[in-house]
Amino acid sequence: MFATYLIGLREGLEATLVVSILVAFLVKSQRRDRLPQVWAGVGLAVALSVLFGWLIEYTSTSLLARSEDRELFEAVTSVAAVVFVTWMIFWMRRAARTMAGELRGRLSEALAVGSVAVAGMAFLAVIREGLETALIFYSAAQGAAGDSGPLLALIGGIASAVAIGVGLYFSALKINLSTFFTWTGALLILVAAGILKYGVHDFQEAGVLPGLNDLAFDITSVLDPSTWYAALLAGMFNVTPAPSVLETVAWVAYALPVLLIFLRRPAAPARPATKAAAESSDPLARAGTDSSTTSGTGPATASPRA
């Protein structure tokens, strides 16, 4: 359940920061009359994300009659989720330095067009996170049919993200977003490795890949599946005591190189936070000013005002 909580926290905080930037810009620009359009776009994005998640689940449980088809569908969604997780992690590290300024610029253009454009801007800013969350959650929660725990954990993660976002907006909370996104990014890479391993297993059960019964190792005597720590490892990172050779190769081949690339410090150090950013009404700029040292792998701690 921790894996789904982490997904909700990470994706939810990204969406919350985006909304906070839009709201802060409108308030500072004395355009509070456009706030209803922002909330309308956010609401529509959330509704469609929930619908997308339901559609994925309905397709798997109701539209696909054969077990082989369901296994293949789950395998494809697992691979797609891994692609989205990897792209999201590296995109956030690269784009967060200029995200606030770009959002303000786009919102300025939308304000010049009209209410529909403002709602559309907010919708597009949130819908990507929502669709990613639905897909990743479905893939991460496979094997938990009939268990409401993963869903509750996801909701808890999103609620925590909203609380953090509200605290940042009202200056009641300060966190180093660079450190936060670095640590959660590293953990999500391990979660994605587990999702990929699950996808390989589904491909094997569907008959697409061979070697379902060719075990890489069997440490059941050491890692008893009935113990709480074995269940924790399986639920978080899909680490199991008797994986197949292909599952193990997929997990290691993804996790190790992606982690090394993600944690590698870039050549140019992150720009230090400025006093203007610390006093800014921009939640993204303000949130990182609580630490004098920032990690080079996360988003910058300051975003210049437009």
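Please refer to the structure higher up on the page.
Residues numbered from 1 in each chain as written. Predicted model: local features only at pLDDT ≥ 70, side-chain atom pairs only at ≥ 80, totals over all residues. Heavy atoms only, no water.

Enquirer: Hey, could you run me through the overall build of the chain in this one?
Expert: When helices and strands are tallied, the chain shows ten helices and zero strands. Traced from its N-terminal end to its C-terminal end, the chain shows the element sequence α-α-α-α-α-α-α-α-α-α. Counting over 306 residues, the chain shows a buried share of 49%. When contacts within the chain are restricted to residue pairs at least 6 apart in sequence, long-range pairs at least 24 apart make up 81% of them. When the accessible surface of the chain is summed, it comes to about 14400 Å², and 68% of that surface belongs to carbon and sulfur atoms. (Helix = DSSP H or I, 4+ residues; strand = E, 2+ residues; numbered from the N terminus. Buried < 20%, exposed > 50% of the residue type's maximum accessible area, 1.4 Å probe, protein only. Contact = heavy atoms within 4.5 Å. Areas by Shrake-Rupley, 256 points an atom, 1.4 Å probe, with all protein chains shown as cover.)

Enquirer: Can you help me understand the nonpolar core in this one?
Expert: For soluble globular proteins, the rule of thumb is that nonpolar side chains tend to be buried together. One finds Leu13, Leu22, Met99, Leu103, Leu107 and Phe181 to be the most contacted residues of the largest nonpolar core, which totals 39 residues. Of all elements in the fold, only α1 (2-28), α2 (35-63), α3 (67-113), α4 (115-140), α5 (149-169) and α6 (177-205) reach the threshold of two or more residues within this core. A per-element tally of this core places α1 first, with twelve residues. If you look at the next biggest cluster of nonpolar residues, it comprises 35 residues, including Ala81, Ile195, Val200 and Phe237. (Core = buried A, V, L, I, M, F, W, Y, C linked by side-chain atoms within 4.5 Å.)

Enquirer: What should I look at first to understand the side chain of Gln204 in this one?
Expert: One can find Gln204 in helix α6. Accessibility expressed as a relative area gives 5% for Gln204, which makes it buried. A polar atom in the side chain of Gln204 sits 3.1 Å from the side chain of Ser244. Not counting residues within four places of it along the chain, the set of residues in contact with Gln204 comprises Leu209, Pro210, Gly211, Leu212, Ser244, Leu246 and Glu247. (Polar contact = N/O pair within 3.5 Å; in protein donor to acceptor, adjacent residues only side chain to side chain.)

Enquirer: Please explain the side chain of Lys197 as it appears in this structure.
Expert: Within the element layout of this structure, Lys197 appears in helix α6. Note on Lys197: relative accessible area 4%, which makes it buried. Ignoring sequence-local partners within four residues, the contact set of Lys197 consists of Asn238, Thr240, Pro243, Glu247 and Trp251.

Enquirer: Explain the packing of α1 against α2 to me, please; I cannot follow it from the model alone.
Expert: Axis separation between α1 and α2 bottoms out at 10 Å; the angle between their running directions is 170°. Our classification of the angle between α1 and α2 gives roughly antiparallel. Contacts between α1 and α2 involve Val19, Val23, Leu26 and Val27 from the former and Leu35, Val38, Trp39 and Val42 from the latter. A breakdown of the residues in the contact of α1 with α2 according to their chemical character gives eight nonpolar, no polar and no charged. (Axes fitted to C-alpha atoms, helices over the stretch in contact; angles between N-to-C directions. Parallel < 35°, antiparallel > 145°, perpendicular 65-115°, else oblique. Nonpolar A, V, L, I, M, F, W, Y, C, P; charged D, E, K, R; others polar.)

Enquirer: For this particular structure, what's the right way to read α2?
Expert: The periodicity of an α-helix, 3.6 residues per turn, causes residues three or four positions apart to be oriented the same way. With 29 residues, α2 should reach 42 Å at 1.5 Å per residue; the first-to-last C-alpha distance of 40 Å fits that figure. Residues Leu35, Gln37, Val38, Gly41, Val42, Ala45, Ser49, Ile56, Thr59 and Ser60 constitute the buried set of α2. (Expected span 1.5 Å × (residues − 1).)

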